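# Geometric and topological summary
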2 protein chains.
Amino acid sequence: MAASATREKIVTAADRLFYERGFEATSFAGVAELVGISRGNFYYHFRTKDEILDAVIERRIKDRHEMLEGWVDSNQTPKQCIASFIGILVMNNTKIRSFGCPVGTLFSELAKLDHPGGSGARELFDLFRIWLRRRFEEMGRGQDADALAMHILARSQGAATLANAYPDEPFLETEVAQMLAWLDAVAGSQDQNDEKD
Amino acid sequence: MAASATREKIVTAADRLFYERGFEATSFAGVAELVGISRGNFYYHFRTKDEILDAVIERRIKDRHEMLEGWVDSNQTPKQCIASFIGILVMNNTKIRSFGCPVGTLFSELAKLDHPGGSGARELFDLFRIWLRRRFEEMGRGQDADALAMHILARSQGAATLANAYPDEPFLETEVAQMLAWLDAVAGSQDQNDEKD
DNA sequence: ATGATTCTAGGACAATCGACCTAATATCAC
DNA sequence: GTGATATTAGGTCGATTGTCCTAGAATCAT
């Protein structure tokens with residue numbers, strides 16, 4: 001098989017296991033077994049566990065970047081773009097209920113491990129933050145665009161964490177509805193050009 | 001030394017390491033070293049790692065319970081109580097910036113590990129949730145008291161996660177100020193008896 | 001087809017994990 | 001003080017970890 005294909009399969013499997021089990025709890029053997037290759041073959045493609053982590057983070061950044069830019073390119077208004085971002089919580093609600101937010105939980109773990117890969121995980125936050133900030137700027141919120149972006153990010157993180165803690169309750173949907181209402185209020189005050197959050 | 005004293009020191013050390021390094025990444029040897037005892041002695045007090053986890057969670061529940069009830073007993077108004085809860089973020093802001101929320105990060109990790117101790121970690125969420133709900137009820141919010149409690153919980157979790165991701169920014173303080181403003185609005189609408197979040 | 005290169009399998013390494021055992025020490029009852 | 005009990009120290013166990021090595025299989029250029 002082409003080396004790149006095997007490598008891609010490894011990254012896919014590691015991405016999944018890092019999310020579902022955590023980075024520390026995922027072993028070389030576990031990933032190799034999921035892919036269906038030997039541990040030796042594994043080592044041919046990735047020399048250390050950190051290299052896999054870097055590849056997984058890079059993959060996640062690429063995926064999210066394409067998703068975000070896809071919304072922008074499909075002629076959605078800035079407000080619709082932000083609504084689509086909020087909608088991620090609903091779209092992935094099953095996985096979030098089981099394993100939390102892929103971005104937040106990975107970052108939290110790496111922060112505790114004091115792992116150098118933590119800076120890559122922060123890039124994921126930055127990706128969303130900057131993208132959201134730009135959408136708010138396009139909505140005429142040049143002044144507090146970054147604060148609004150951080151606010152949405154934080155509420156998404158909180159919603160994901162509690163959805164994980166209470167997976168059987170419709171909390172996630174309720175919180176998403178509130179966030180969309182908040183977005184409406186922010187967009188509305190864009191025209192009237194006043195009112196604060 | 002009295003057995004109970006050594007046991008307490010073990011729980012204290014494990015509590016700290018579980019928070020700062022995570023449950024999985026904390027070893028028997030690490031805790032024993034921090035306490036200053038041998039691994040063998042350790043095993044005399046706790047037969048399995050899960051037993052330590054249970055003891056740590058029990059300790060955390062007890063501590064938080066006493067803190068919350070202390071506020072109630074000190075003749076604070078329900079609104080002041082909730083403000084004190086929000087103030088935890090500021091009081092512990094240094095640790096939160098380094099290691100996130102002790103409740104949320106522990107729960108996330110245990111959820112990924114599919115660990116039975118996860119139910120105990122959820123009790124910690126329940127403790128805050130029920131306490132907050134009661135305070136909102138005392139504020140005359142019988143109808144949506146639970147929703148308001150969950151909302152505050154979620155925003156606290158989100159604020160802690162992002163404060164961990166951006167420890168050098170004053171985001172935590174900003175978010176706390178917004179939460180307190182939100183609390184003012186909720187308390188205000190208590191009298192007028194309308195207005196939604 | 002033959003040789004060079006790429007890819008894979010499986011074993012081996014030291015280190016560390018949670019867990020367990022035994023012997024020595026400290027504490028206390030009497 | 002003496003014996004019973006409670007507590008501690010340190011070694012050991014099999015399993016698993018990340019890492020590494022080597023030999024064989026597959027692929028490709030020529």
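Remember, predicted model here, so these are calculated numbers, not experimental data. (Residues numbered from 1 in each chain as written. Chains lettered and ligands numbered in written order. Predicted model: local features only at pLDDT ≥ 70, side-chain atom pairs only at ≥ 80, totals over all residues. Heavy atoms only, no water.)

## Focus on the overall build of chain A
Here is the rule we go by: In this text, helices come from DSSP runs of H or I with a minimum length of four residues, and strands from runs of E with a minimum of two, each type numbered from the N-terminal end. Relative accessibility under 20% of the residue-type maximum defines a buried residue, over 50% an exposed one, and the middle range a partly exposed one, all with a 1.4 Å probe and only protein chains included. Contact definition: two residues touch when any of their heavy atoms are within 4.5 Å. What sets the accessible areas is the Shrake-Rupley method with a 1.4 Å probe; for residues, cover comes only from the shown protein chains.
From N to C terminus, chain A includes 10 helices and 0 strands. The N-to-C order of helical and strand elements in chain A reads α-α-α-α-α-α-α-α-α-α. Taking the principal axes of its C-alpha atoms as reference, chain A extends roughly 65 × 35 × 30 Å. Per-residue burial over chain A gives 49% buried out of 197 residues. Pairs at least 24 apart in sequence give 69% of the contacts found in chain A among residues at least 6 apart. For chain A, the exposed surface amounts to about 9200 Å²; the carbon and sulfur share of it is 49%.

## Describing the relation of the copies chain A and chain B
As a reminder of what qualifies: C-alpha atoms of residues with pLDDT of at least 70 in both copies form the basis for the least-squares superposition of the copies.
After a rotation of 180 degrees and a shift along the axis of 0.0 Å, chain A superposes on chain B with an RMSD of 0.0 Å. A rotation of that kind, with that shift, is consistent with a two-fold axis. The C-alpha atom lying nearest the rotation axis in chain A is that of Gly158(A); the distance is 1.9 Å. Interface overlap between copies: 100% of the residues of chain A at the interface are likewise at the interface in chain B, consistent with a symmetric, same-surface contact.

## Considerations on the interface of chain A and chain B
How we decide: By buried area we mean the combined loss of accessible area, with a 1.4 Å probe, across both parts when two parts are placed together. Any carboxyl oxygen of Asp or Glu that lies within 4 Å of a side-chain nitrogen of Lys or Arg is treated as forming a salt bridge with it. Two N or O atoms form a polar contact when they lie within 3.5 Å of each other; inside protein one atom must be a possible hydrogen donor and the other a possible acceptor, and for residues adjacent in sequence the pair counts only when both atoms belong to side chains. Amino acids are sorted into nonpolar (Ala, Val, Leu, Ile, Met, Phe, Trp, Tyr, Cys and Pro), charged (Asp, Glu, Lys and Arg) and polar (every other residue, Gly among them).
At the interface, 37 residues of chain A touch 37 residues of chain B. For the chain A and chain B pair, buried surface summed over both sides reaches about 3100 Å², with 59% attributable to carbon and sulfur atoms. Counting the surface chain A buries against chain B, the share from its top three residues, Lys112(A), Met150(A) and Tyr166(A), is 22%. Counting across the chain A and chain B interface gives 2 salt bridges. The shortest N-O distance in the salt bridge between Glu169(B) and Arg129(A) comes to 2.7 Å. Taken together, the connections running from chain A to chain B amount to 14 residue pairs in polar contact (both at pLDDT 80 or more). Elements represented by at least two residues in the side of chain A that touches chain B include exactly α1 (3-20), α6 (93-99), α7 (102-113), α8 (118-138), α9 (145-165) and α10 (171-192) of chain A. Top contributing element to the side of chain A that touches chain B by residue count: α9(A), with 12 residues. Looking at side-chain class alone, the side of chain A that touches chain B contains 16 nonpolar, 10 polar and 11 charged residues.

## Observations concerning the environment of Thr26(A)
Residues and elements named next belong to chain A. For Thr26, the location among the structural elements is in the loop between α1 and α2 (28-35). On the basis of relative accessibility, which here comes to 2%, the residue Thr26 falls in the buried class. With 79 residues separating them along the chain, Thr26 and Thr105 place their C-alpha atoms 14 Å apart. If we skip the residues at most four places from it in the chain, Thr26 touches Leu17, Phe18, Arg21, Val31 and Lys49.

## A few points about the confidence of the model for chain A
How we decide: The pLDDT score gives, residue by residue, the confidence of the prediction method on a 0 to 100 scale.
Averaged over every residue, the pLDDT of chain A is 93; the share at 70 or more is 94%. Counting interchain partners and residues more than four positions distant, the pLDDT-below-50 stretch residues 191-197 of chain A has 6 contacts.

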